[in-house]
Amino acid sequence: MRGQDAAETRRPLAVGTLVLAFFTGCAGPPSLDRAILPGHAAAYADALERRPGDAKRAFLAWRAEQRGTSLAEAVRRDAELTADRNPFDANRDRQAVSLGAVVYRNHCARCHGSSVDGRGPDVLPDHPCKDFHAFDKRFAVTLHRGAPRAWFHKIRDGHGPIVEYPDGPSTAMPAFGDTLSNEQIWLAVTYLQSLDMYVPAASAEASQ
Ligand code: HEC
């Protein structure tokens, strides 16, 4: 009888473990390299090189060029991408996920880590970054896309106490509003949302 009781307690535990394993297994990070489509990293690097030290203007100028519009028009369109709504769909927009991964690698990985686990080289021990693969984060993304508006605000306006980074003092999560366009910020958010999804290897997609 005792053995049976024990078996009965073990069963839900085993099911729970399986469910957890399923979630964490599926939530496995598409590595940055897998997320980035061929050509995106080089095109972004090329755009940034044309306006060194001004990633925001460089990106807007790149967009203007792609769309055959003026820089002023690109700035106007960017201003329309407010904090209210992510213009990209992490479930469907493979291009946006890829570009978001490029933005992330260029501006965020030094703290948040190249696996988005919060272990980048510049992170301060007293002010850690969160692990975006943590169960609560992935669960929130699965349920309601995470906290896209809150993330947008924290990235644009900064968050946390003032701390001393090697390149000077700033909020623990630095404000990127002057450094990145609204579109770059939404792209980075889209990449963060996409982390628990299966992203086909860039090479597989390129050969289609
Ligand atoms: C210099 C280090 C540093 C860089 C660079 C950095 N972050 Fe952060 N970030 C942090 C820290 C530390 C926190 C946690 C501090 C807090 O929110 O109080 C954080 C918090 C966040 C949060 C809020 C997480 C949550 O659960 O609310 C988001 C979203 C975020 N960062 C995204 C980004 C993105 C996207 C970039 C690149 C555009 C970036 N970060 C660049 C250090 C950094």
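Let me begin by describing the structure that accompanies this report. Quick caveat: nothing in here was measured; it's all calculated off a predicted structure. (Residues numbered from 1 in each chain as written. Predicted model: local features only at pLDDT ≥ 70, side-chain atom pairs only at ≥ 80, totals over all residues.)

## Things to note about the nonpolar core
Most often, soluble globular proteins have nonpolar side chains that are buried together.
Turning to step 1, where the next piece is worked out: The biggest cluster of nonpolar side chains holds 36 residues, and the ones touching the most others in it are Ala-101, Ile-185, Leu-187, Ala-188, Val-189, Tyr-191 and Leu-192.
Turning to step 2, where the next piece is worked out: When residues of this core are traced back to their parent elements, those giving at least two are helix H4 (55-67), helix H6 (94-107), helix H9 (148-157) and helix H10 (182-194).
Turning to step 3, where the next piece is worked out: Leaving out residues up to four positions away in the same chain, Val-189 has contacts with Asn-86, Pro-148, Trp-151 and Phe-152. (Core = buried A, V, L, I, M, F, W, Y, C linked by C-beta atoms within 7 Å. Buried ≥ 20, exposed ≤ 12 C-beta atoms within 10 Å, placed from the backbone. Helix = DSSP H or I, 4+ residues; strand = E, 2+ residues; numbered from the N terminus. Contact = placed C-beta atoms within 7 Å.)

## Focus on the site of the ligand
Turning to step 1, where the next piece is worked out: The immediate surroundings of the ligand are formed by 21 residues, with Cys-108, Cys-111, Trp-151, Gly-160 and Met-173 found nearest.
Turning to step 2, where the next piece is worked out: The leading source of residues in the shell around the ligand is H9, at four residues.
Turning to step 3, where the next piece is worked out: Of the residues contributing to the shell around the ligand, the split by class is 12 nonpolar, five polar and four charged. (Near = placed C-beta within 6 Å. Nonpolar A, V, L, I, M, F, W, Y, C, P; charged D, E, K, R; others polar.)

## Details of the pairing of strand S2 (residues 168-173)
Turning to step 1, where the next piece is worked out: With five bridges joining them, strand S1 (residues 159-165) and S2 adopt antiparallel strand pairing. Opposite Ile-162, over in S2, you have Thr-171 as the bridge partner.
Turning to step 2, where the next piece is worked out: Between S1 and S2, which pair antiparallel one after the other, the connecting turn spans two residues. (Pairing = 2+ DSSP bridges.)

## A word on the packing of H6 against H10
Turning to step 1, where the next piece is worked out: Contact pair H6 / H10: the axes reach a minimum separation of 7 Å and the direction vectors enclose 105°. Between H6 and H10, the angle is such that the two are roughly perpendicular. Judged by residue contacts, Ala-96, Val-97, Leu-99, Gly-100, Ala-101, Val-103 and Tyr-104 of H6 engage Gln-184, Leu-187, Ala-188, Thr-190, Tyr-191 and Ser-194 from H10.
Turning to step 2, where the next piece is worked out: Of the residues in the contact of H6 with H10, the class split is nine nonpolar, four polar and no charged. (Axes fitted to C-alpha atoms, helices over the stretch in contact; angles between N-to-C directions. Parallel < 35°, antiparallel > 145°, perpendicular 65-115°, else oblique.)

## A word on the packing of H4 against helix H5 (residues 71-79)
Turning to step 1, where the next piece is worked out: One can describe the packing of H4 onto H5 by two numbers: an axis separation of 8 Å at closest approach and a directional angle of 110°. Regarding the angle of H4 to H5, the classification is roughly perpendicular. Facing H4, whose interface residues are Leu-60, Ala-61, Arg-63 and Ala-64, H5 presents Leu-71, Glu-73, Ala-74, Val-75 and Asp-78.
Turning to step 2, where the next piece is worked out: Here the contact of H4 with H5 is composed, by residue class, of six nonpolar, no polar and three charged.

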